[in-house]
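So you can see what is in the structure, the chains are spelled out below.
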Amino acid sequence: MALVTSTEMFKKAYKGGYAVGAFNVNNMEIVQGITEACQEEKAPVILQVSKGARAYANHTYLVKLVEAAVINCPDIPVVLHLDHGPDFETCKACIDGGFTSVMIDGSHLSFKENIEVTKKVVEYAHDHGVVVEGELGTLAGIEDEVVVEAGHESYTKPEEVEEFVTKTGVDSLAIAIGTSHGAYKFTPAQCTVNEQGILVPPALRFDILEEICKILPDFPIVLHGSSSVPQEYVKMVNAFGGKMPNAIGVPEEQLRQAAKLAVCKINIDSDLRLAMTGTIRKFFAEHPDKFDPREYLKPARANIKEIVRHKLINVLGCAGKA
Ligand code: G3H
Ligand code: 13P
Ligand code: ZN
């Protein structure tokens, strides 16, 4: 199957009460780990590339890696998406350069400016058969060089969504309901402690999501910052020389719940980074004599594959939906 846009994927996901996983890719092992899991589980997938990924790996390398994955995974639809497009020029370069979907992230701009830049991207994208994700509301956390401190995030205002979607013509909308970028989504002070002594983060604002669903029926909603920061990998990182105290993510049950509602795309990056880094740290600690990159990248790739498989089956609900 060739690269596709997310239009049909989102229609099926909305009706079927599941979400498609959008995983960030930066190198060959990450592309392979993700797409091998999706091919085996017959799951549609969105491979997304950030501004930082394009700077690190080069646009053409990333496009060619994704094209290779499409050839190797003939049974599943694959979208190539620009994550957090910072401006019109970057979106245009990706539209001209083989992407099937772009995000224009005007969430830091005024409402009026966000509409202006998003509309401009939509017009260019739609003329070229590419779909567009816009964003309203700001998440806490780190993405590229932008850092939003906890407490300075702002939830999406439901009263703005209809005007934004109508005036811009976007195909999907990312909203802020309490998720956050990176591995430190919540401070321990924001959490409660359950009977097993485990920190439980504050619940996502399902009331806002439900209000938005009522205002925009059948419209695909996107959740960024949706890693769950698996504690097994945080422990692995810390046990083998890392220092990631108080890394806390979004509970998986809440994401499963969101996927049953209007959320059709769930962005996951940090969990894959943790799996890769934890695995490599452990490998080095256990094999101090090894120096062949293939030897440590192989188990890292295998663990990325397994964590993606887990997400497809237990969190997103999209296994078997290709
Ligand atoms: O939300 C951002 C993604 O996790 C991509 O991160 O900008 O470090 O590539 P990056
Ligand atoms: P995480 O940092 O929670 O993985 O979020 C990734 C993301 O939103 C990419 O756009
Ligand atoms: Zn994001």
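Residues numbered from 1 in each chain as written. Chains lettered and ligands numbered in written order. Predicted model: local features only at pLDDT ≥ 70, side-chain atom pairs only at ≥ 80, totals over all residues. Heavy atoms only, no water.

Caption draft 1: Molecular detail of the overall build of the chain. The helix and strand inventory of the chain stands at twelve helices and twelve strands. In terms of overall dimensions, the chain is globule-like: its C-alpha atoms have a radius of gyration of 19 Å, near the 20 Å expected for 322 residues. In terms of overall dimensions, the chain has C-alpha extents of about 60 × 45 × 35 Å along its principal axes. Looking at the chain as a whole, 54% of its 322 residues are labelled buried. Of the contacts made within the chain by residues no fewer than 6 positions apart, 77% connect residues no fewer than 24 positions apart. For the chain, the computed accessible surface area is about 14200 Å², with 54% contributed by carbon and sulfur atoms. Between the averaged position of the 32 positive side-chain charges in the chain and that of its 43 negative side-chain charges there is a distance of 4 Å. (Helix = DSSP H or I, 4+ residues; strand = E, 2+ residues; numbered from the N terminus. Rg over C-alpha atoms; globule rule 2.2 N^0.38 Å. Buried < 20%, exposed > 50% of the residue type's maximum accessible area, 1.4 Å probe, protein only. Contact = heavy atoms within 4.5 Å. Areas by Shrake-Rupley, 256 points an atom, 1.4 Å probe, with all protein chains shown as cover. Lys, Arg positive; Asp, Glu negative; His and termini not counted. Charge placed at Lys NZ, Arg CZ, Asp CG, Glu CD.)

Caption draft 2: Structural view of the site of ligand 2. Not every one of the 16 residues close to ligand 2 is listed here, only the nearest: D83, K185, S227, D269 and S270. In the model, an oxygen atom of ligand 2 is placed 3.2 Å from a nitrogen or oxygen of the H84 side chain. The side chain of S227 places a nitrogen or oxygen atom 2.6 Å from an oxygen atom of ligand 2. Along the lines of polarity and charge, the residues of the shell around ligand 2 split into one nonpolar, twelve polar and three charged. (Near = heavy atom within 4 Å. Polar contact = N/O pair within 3.5 Å; in protein donor to acceptor, adjacent residues only side chain to side chain. Nonpolar A, V, L, I, M, F, W, Y, C, P; charged D, E, K, R; others polar.)

Caption draft 3: Spotlight on the layout of surface pockets. Taken as a whole, the second largest pocket spans an internal volume of roughly 550 Å³. Along the walls of the second largest pocket sit 27 residues, with I198, S228, V229, P230 and Q231 positioned nearest its centre. Mapped onto the lining of the second largest pocket, the elements with two or more residues apiece are β10 (199-200), α9 (231-239), α10 (252-260) and α12 (293-316). Taken together, the residues that form the lining of the second largest pocket break down as 14 nonpolar, six polar and seven charged. (1 Å grid on protein atoms, 1.4 Å probe; cavity = no way out; pocket = protein on both sides within 12 Å on 5 of 7 lines; lining within 4 Å. Points joined across faces, edges and corners; volume = space filled by probe spheres on them.)

Caption draft 4: Examining the coordination of the zinc ion (ligand 3) more closely. The zinc ion (ligand 3) binds to the protein through H84 (NE2), H181 (NE2) and H224 (ND1); the donor distances cover 2.1 Å. Spacing between the donor residues of the zinc ion (ligand 3) along their common chain follows H-x96-H-x42-H. Here H181 lies in the loop between β8 (172-175) and β9 (192-193) and H84 lies in strand β3 (residues 78-85), a separation of 97 residues in the sequence. Across this residue pair, the class does not change: H84 and H181 are buried. (Donors = N, O, S within 2.8 Å, 3.2 Å for Na, K, Ca; no water.)

Caption draft 5: The arrangement of the nonpolar core in detail. Ranked by internal contacts, the top residues of the largest apolar core, which has 101 residues, are I34, L173 and V308. Among the elements that make up this core, the one with the highest residue count is α12 (nine residues). Aside from chain neighbours lying at most four places away, what touches I34 is F23, N24, V25, V45, L47, L272, I304 and V308. (Core = buried A, V, L, I, M, F, W, Y, C linked by side-chain atoms within 4.5 Å.)

Caption draft 6: Region of the structure containing empty space enclosed by the protein. Under the criterion given, the structure shown has one cavity of 30 Å³ or more. Estimated volume of the largest cavity: approximately 60 Å³. S6, F10, I46, V79, H81, S101, V131, V132, E133, D171, S172 and K265 are the residues that line the largest cavity. Classifying every residue of the lining of the largest cavity by side-chain character gives five nonpolar, four polar and three charged.

Caption draft 7: Inspection of unusual backbone geometry at higher detail. One non-glycine residue, N58, lies in the positive phi region at around 85°. Note that N58 resides in the loop between α3 (51-57) and α4 (59-72). Residue N58 is classed as partly exposed on the basis of its relative accessible area, which comes to 35%. The backbone phi angle of D218 is positive, close to 65°, even though this residue is not glycine. Structurally, D218 is set in the loop between α8 (206-215) and β11 (221-223). Judged by relative accessible area, which is 62%, D218 ranks as exposed.

Caption draft 8: How the structure looks around the packing of α10 against α12. Running from N to C, α10 and α12 cross one another at 65°; their axes reach a closest spacing of 9 Å. When the axis of α10 is compared with that of α12, the two are roughly perpendicular. Residues E252, L255, R256 and A259 of α10 pack against H310, K311, N314, V315 and L316 of α12. Among the residues making up the contact of α10 with α12, the classes are represented as four nonpolar, two polar and three charged. (Axes fitted to C-alpha atoms, helices over the stretch in contact; angles between N-to-C directions. Parallel < 35°, antiparallel > 145°, perpendicular 65-115°, else oblique.)

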